[in-house]
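A structural walkthrough
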Amino acid sequence: AKADGRGIFRFFEPAMDAMARDRAALEADLRRAIAEDSLHIDYQPLVGIEAGRVEGFEALVRWNHPERGLMMPDDFIPIAEDSGLIIELGEWVLRKACTDAARWDPPLKLSVNLSPAQFAYADICETVARALADAGLPPKRLELEITEGVFVQDAERGIAILSRLRETGVQIAMDDFGTGYSSLSYFRQFPFDKVKIDRSFIADMLHNGQARSIVEAIISLGRGLNLEVVAEGVETEEQLDQLRQQGCTQVQGYLISEPRPIGQFAGSVLSDPAW
Ligand code: C2E
Ligand code: CA
Ligand code: CA
Ligand code: CA
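Keep in mind it's a predicted model, so treat the numbers as computed, not measured.

Across its full length, the protein chain carries 11 helices and nine strands. In summary, the protein chain has a C-alpha radius of gyration of 20 Å against a globular reference of 19 Å for 275 residues, a match within 12%. In terms of overall dimensions, the protein chain has a C-alpha envelope of 65 × 45 × 40 Å along the principal axes. Looking at the protein chain alone, contacts between residues at least 24 apart form 65% of all its contacts between residues at least 6 apart. The distance from the centre of the 28 positive side-chain charges to the centre of the 44 negative ones in the protein chain is 2 Å.

So, on to the coordination of the calcium ion (ligand 4). Coordination sphere of the calcium ion (ligand 4), protein contribution only: Asp 176 (OD) and Asp 176 (OD), at 2.8 to 3.1 Å. In this structure the calcium ion (ligand 3) is found 3.6 Å away from the calcium ion (ligand 4), and Asp 176 serves as a bridging donor for the pair. Within the secondary structure layout, Asp 176 lies in strand β6 (residues 171-177).

The subject of this paragraph is the environment of Asp 123. Looking at the element boundaries, Asp 123 is found in the loop between α4 (116-120) and α5 (124-135). A C-alpha to C-alpha distance of 9.0 Å links Asp 123 and Ile 161, two positions 38 residues apart in sequence.

It is worth spelling out the site of ligand 1 at this point. Among the 23 residues in the neighbourhood of ligand 1, the closest are listed as Gln 44, Arg 62, Asn 113, Glu 235 and Tyr 254. In the model, an oxygen atom of ligand 1 is placed 3.1 Å from a nitrogen or oxygen of the Asp 175 side chain. Coverage of ligand 1 by the protein amounts to 87% of the 800 Å² it exposes when considered alone. Only β2 (54-65), α2 (73-83) and β6 provide two or more residues apiece to the shell around ligand 1. Its residues placed into classes, the shell around ligand 1 shows 10 nonpolar, five polar and eight charged.

A separate point is the nonpolar core. A general tendency of soluble globular proteins is for nonpolar side chains to be buried together. One finds Tyr 43, Leu 110, Leu 144, Leu 165, Phe 192 and Leu 243 to be the most contacted residues of the largest nonpolar core, which totals 76 residues. Residue contributions to this core peak at eight residues, all from helix α3 (residues 86-101). Look past the residues within four positions of Leu 110 in its chain and what remains in contact with it is Tyr 43, Phe 57, Ala 59, Ala 97, Cys 98, Ala 101, Trp 104, Leu 137, Arg 141, Leu 142 and Glu 143.

By the criterion of burial, strand β5 (residues 142-146) is predominantly enclosed, with five of the five residues buried. Side chains Leu 142, Leu 144 and Ile 146 of β5 all project onto a buried face; the interleaved residues Glu 143 and Glu 145 project onto the opposite face, where all are buried too. Where strand β4 (residues 109-113) and β5 come together, four bridges link them in parallel fashion. Opposite Leu 110, over in β5, you have Leu 142 as the bridge partner.

Throughout the structure, instances matching the rule amount to 15 salt bridges. In this structure, Lys 196 engages Glu 58 in a salt bridge whose closest nitrogen and oxygen atoms are separated by 2.9 Å. One end of the pair, Lys 196, is in strand β7 (residues 194-197); the other, Glu 58, is in strand β2, with 138 residues separating them in the sequence. In this structure, Arg 95 engages Asp 134 in a salt bridge whose closest nitrogen and oxygen atoms are separated by 2.6 Å. On the criterion of sequence distance, the pair formed by Arg 95 in helix α3 and Asp 134 in helix α5 is long-range, its members being 39 residues apart. One connected set of salt bridges, linked through shared partners, spans Glu 58, Glu 145 and Lys 196.

So, on to the packing of aromatic side chains. Under the definition given, this model contains 10 aromatic pairs. Arranged with centres 5.2 Å apart and planes meeting at 80°, the rings of Phe 177 and Phe 187 form a pair that is edge-to-face. Of this pair, Phe 177 sits in strand β6 while Phe 187 sits in helix α8 (residues 185-189); the two residues are 10 residues apart in sequence, bridging distant segments of the chain. Of the two residues, Phe 177 and Phe 187, neither departs from the other in class, the shared state being buried. Within the aromatic cluster, the residues linked to one another by ring pairs are Phe 151, Phe 177, Tyr 186, Phe 187, Phe 190 and Phe 192.

Criteria and cut-off values
- Residues numbered from 1 in each chain as written.
- Chains lettered and ligands numbered in written order.
- Predicted model: local features only at pLDDT ≥ 70, side-chain atom pairs only at ≥ 80, totals over all residues.
- Heavy atoms only, no water.
- Helix = DSSP H or I, 4+ residues; strand = E, 2+ residues; numbered from the N terminus.
- Rg over C-alpha atoms; globule rule 2.2 N^0.38 Å.
- Contact = heavy atoms within 4.5 Å.
- Lys, Arg positive; Asp, Glu negative; His and termini not counted.
- Charge placed at Lys NZ, Arg CZ, Asp CG, Glu CD.
- Donors = N, O, S within 2.8 Å, 3.2 Å for Na, K, Ca; no water.
- Near = heavy atom within 4 Å.
- Polar contact = N/O pair within 3.5 Å; in protein donor to acceptor, adjacent residues only side chain to side chain.
- Areas by Shrake-Rupley, 256 points an atom, 1.4 Å probe, with all protein chains shown as cover.
- Nonpolar A, V, L, I, M, F, W, Y, C, P; charged D, E, K, R; others polar.
- Core = buried A, V, L, I, M, F, W, Y, C linked by side-chain atoms within 4.5 Å.
- Buried < 20%, exposed > 50% of the residue type's maximum accessible area, 1.4 Å probe, protein only.
- Pairing = 2+ DSSP bridges.
- Salt bridge = Lys/Arg side-chain N within 4 Å of Asp/Glu carboxyl O.
- Phe/Tyr/Trp six-rings, centres within 6.5 Å; stacked < 30°, edge-to-face > 60°.

Here you go:
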């Protein structure tokens, strides 16, 4: 068995080396991309389920790699998190998105994703305050989407930082709810403004009773706590109908729009002639 183990190890070794080299190269490329401003942001609308109106946009970062082509966040956010580059990347996204949003007319809300690492290694309150001030964006127009990861290392610290952020007037959304640890006690310890139901439950809810029950439970939890409840990844009219019946307040997904450059929403939802 031991010999087998070594054999397997040797067999995989070159592949592992190649992967590590690939990661190191990507990390260097990403560092340069941030410095040279060559990332960009697509925006996806969040729509109020009652009125059917766009109420805000979520900023989603993309990277057009010079050789590899368009890279999605799942391809490079983990690398940024492991290398610490997420601090610079996150600040870049925040500053760019706030600057964009300051020009929107009507003044819709902006949602920005934060990585747990941004709470661990940097003064996120300072970073957010500076981004808002420099862009001239009022704090009430910004919503920060966080995941349960913020509470995993040091829950008390996470709650303290979120409380400070919320006191400045920005709103806090619990993203991807239902995955991860999903401790209900976070809702007792911190007054979130919004809960976003993870897309995996929405994808399954029409043909899977369990997923549907979970969606129902999250919606009634959110409504009971007076939170906005968002379903992400809504792709069909059937899902939308079901969510409306269940009392979900906002939806987001390909049914309404894929994430796109903000300029492509001109005319449809935003009236600024500059777009
Ligand atoms: P997320 O925050 O859960 O964002 C929603 C993801 O679902 C986005 O993927 C979006 O394009 C996708 N999506 C939206 N509607 C639909 C739909 O109807 N069907 C399907 N199948 N997918 C849909 P994306 O843009 O690839 O981003 C993936 C994840 O990367 C995000 O998940 C977020 O966790 C992370 N991310 C994106 N931008 C940033 C950022 O600026 N900072 C940080 N820290 N993370 C980011
Ligand atoms: Ca999000
Ligand atoms: Ca999400
Ligand atoms: Ca997600």
